[in-house]
Amino acid sequence: MSYTIALNFEDGVTRFITCNAGETVLDAAYRHKVNLPMDCSDGVCGTCKGHCEQGEFDLGDEYIDEALSDEELAEGKVLTCQMVPSSDCVVQVPAASTLCKTAVGEFPARVAEVSRLSEDSFELVVDLDEGEGLVFLPGQYVNIQVPGSDETRSYSFSSLPGERHATFLIRNVPNGLMSGYLSGAAKPEDALTLTGPMGSFYLREVRRPVLMLAGGTGLAPFLAMLRQLQEQGCDQPVRLLYGVNVDDHLVKLDELDGFVEALPDFAYTTVVADAASEHMRKGYVTHHMAPELLHDGEVDVYLCGPPPMVDAVLAHFREQGIAPASFHYEKFAPSLAPQDAKKEAVA
Ligand SMILES: Cc1cc2nc3c(=O)[nH]c(=O)nc-3n(C[C@H](O)[C@H](O)[C@H](O)COP(=O)(O)OP(=O)(O)OC[C@H]3O[C@@H](n4cnc5c(N)ncnc54)[C@H](O)[C@@H]3O)c2cc1C
Ligand code: FES
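Residues numbered from 1 in each chain as written. Chains lettered and ligands numbered in written order. Predicted model: local features only at pLDDT ≥ 70, side-chain atom pairs only at ≥ 80, totals over all residues. Heavy atoms only, no water.

A.B. asks: I'm lost on the sheet that holds strand β9 (residues 121-128) in this one. Help?
C.D. replies: The strands making up a sheet associate through hydrogen bonds between their backbones, and the pairing can be parallel or antiparallel. The sheet built from six strands is open, its strands ordered β11-β10-β13-β8-β9-β12 with antiparallel pairing. On the outer flanks of this sheet lie β11 (152-156) and β12 (165-171), each paired with one strand and no other. The average angle at which neighbouring strand axes cross in this sheet is 40°, direction not considered. Of the strand pairs in this sheet, strand β8 (residues 105-118) and strand β13 (residues 191-198) are connected by six bridges, and their pairing is antiparallel. Directly across from Arg 110, in β13, lies its bridge partner Ala 191. (Pairing = 2+ DSSP bridges. Helix = DSSP H or I, 4+ residues; strand = E, 2+ residues; numbered from the N terminus. Axes fitted to C-alpha atoms, helices over the stretch in contact; angles between N-to-C directions.)

A.B. asks: Would you explain the packing of aromatic side chains in this entry?
C.D. replies: Aromatic ring pairs are reported here in terms of the distance separating the ring centres and the angle at which the planes meet. Taken as a whole and assessed by the stated rule, the structure comprises eight aromatic pairs. Relative to Phe 157, the ring of Phe 136 lies with its centre 3.6 Å away and its plane at 5°, an arrangement referred to as stacked. Of this pair, Phe 136 sits in the loop between β9 and β10 (141-145) while Phe 157 sits in the loop between β11 and β12, and the two are 21 residues apart along the sequence. Accessibility assignment for this pair places Phe 136 and Phe 157 in one class, buried. (Phe/Tyr/Trp six-rings, centres within 6.5 Å; stacked < 30°, edge-to-face > 60°. Buried < 20%, exposed > 50% of the residue type's maximum accessible area, 1.4 Å probe, protein only.)

A.B. asks: Any chance you could explain the confidence of the model for the protein chain here in plain terms?
C.D. replies: Regions with low pLDDT should not have their predicted coordinates read in detail. The pLDDT averaged across the protein chain works out to 92; a share of 95% of its residues lies at or above 70. Throughout residues 338-347 the model reports pLDDT below 50, and contacts reaching past four residues in sequence, or to other chains, amount to three contacts. (pLDDT = per-residue confidence, 0-100. Contact = heavy atoms within 4.5 Å.)

A.B. asks: Please explain unusual backbone geometry as it appears in this structure.
C.D. replies: Trans is the prevailing form of peptide bonds, just as negative phi is the prevailing case for residues other than glycine. Cis geometry is adopted by the peptide bond preceding Pro 197, which originates at Gly 196 and carries an omega value of 0°. Of note, Pro 197 is situated in strand β13. Even without glycine at this site, Asn 175 takes up a positive phi of about 65°. Tracing the chain through its elements places Asn 175 in the loop between β12 and α3 (177-185). Classification of Asn 175 as exposed rests on a relative accessible area of 83%. A positive phi angle is found at Lys 252, which is not glycine, with a value near 65°.

A.B. asks: Would you explain the site of ligand 1 in this entry?
C.D. replies: Around ligand 1 lies a shell of 22 residues, among which Arg 153, Ser 154, Tyr 155, Arg 171 and Ser 179 are the nearest. In this structure, Leu 169 approaches ligand 1 through a main-chain N or O atom, which is 2.8 Å from a nitrogen atom. Ser 179 places a polar side-chain atom, nitrogen or oxygen, 2.5 Å from an oxygen atom of ligand 1. Among the elements of the structure, β11, β12, α3 and β18 (326-331) are those that each provide at least two residues to the shell around ligand 1. Ranked by residues supplied to the shell around ligand 1, first place goes to β11 with four residues. Within the shell around ligand 1, the residues separate by chemical class into 11 nonpolar, seven polar and four charged. (Near = heavy atom within 4 Å. Polar contact = N/O pair within 3.5 Å; in protein donor to acceptor, adjacent residues only side chain to side chain. Nonpolar A, V, L, I, M, F, W, Y, C, P; charged D, E, K, R; others polar.)

Dropping the structure here:
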């Protein structure tokens, strides 16, 4: 019997390790050549403290209060030198991956298919040479090297881990490097490299109603999360508000309809910003956030989309004093061109 432990480092890198029955997370990490912060390894110093976001474990009773207080334990803090998992777990490590002598994984892949979903978006399907090796948490992203260049772009998986094919929903940005490649040169069998997985935007254990807010191709991580909910089951209400600029940009509605059928309590609402649209709901997602979606704050909110959309929702929550029980967001920020990155560094 062994468990999968996701170690999320401070710099956004995630490494997955297996932990054998009775083994501590610290020892399992060491076996995988990941040197987690530690000093005493006896539950005395507190150096190995992390945060367990998900999963069951036993800490025993050998550690001392100075290393981990009851208040910290109640907040989900753990000592990895004492932590013996009894299920798969997600542990946040307050150190950079490089300090722990580990690095982000590199996975060779090939283009399987590129389809144009709308004027504004593509679906990229890649064939993973090592499908089994690329584990990630639904909602996370990888950096994909743009074929024919040394540059990478970040994309959230819309598929589930462990599948031979990984899928991505990608916006068609005018004059964009990846967009240009997908519109023209891309062909099956093109080689590319995926680097990751990365990010802290992933589905947490569902203990209360969930509200998902997607803008444009920000729908991608929610497709992965909904697939996971379909696979593992979910007894909480899940609602998705999906906003786009014009009617044609609404994609994957058939899949969303499939989740309505498959999940016990899932519904989605689409919103179109274009004033000329005949869509029944116009404007932005913030215009359609009915109070019942917020469950008086007893709700986990996940938000993903282009920076202006994410900023608008954050401002709306601030102005309305909306404070959900948990709030996670991902901005699809454009990558900086090398010359812009330099300007930013000296600014
Ligand atoms: C963590 C993370 C996850 C992401 N996941 C996704 C995803 O799942 N799907 C997805 O479509 N995108 C995603 N993105 C954005 C993606 O990484 C690229 O920035 C985007 O696809 C543009 O790449 P490109 O090579 O086509 O354009 P680039 O060559 O990077 O850009 C060309 C020009 O367009 C500008 N530009 C780039 N993006 C935008 C934009 N959104 N709006 C206006 N101008 C822009 C650039 O500043 C530049 O001037 C993600 C970004 C991050 C940081
Ligand atoms: S390493 Fe000292 S408490 Fe864990």
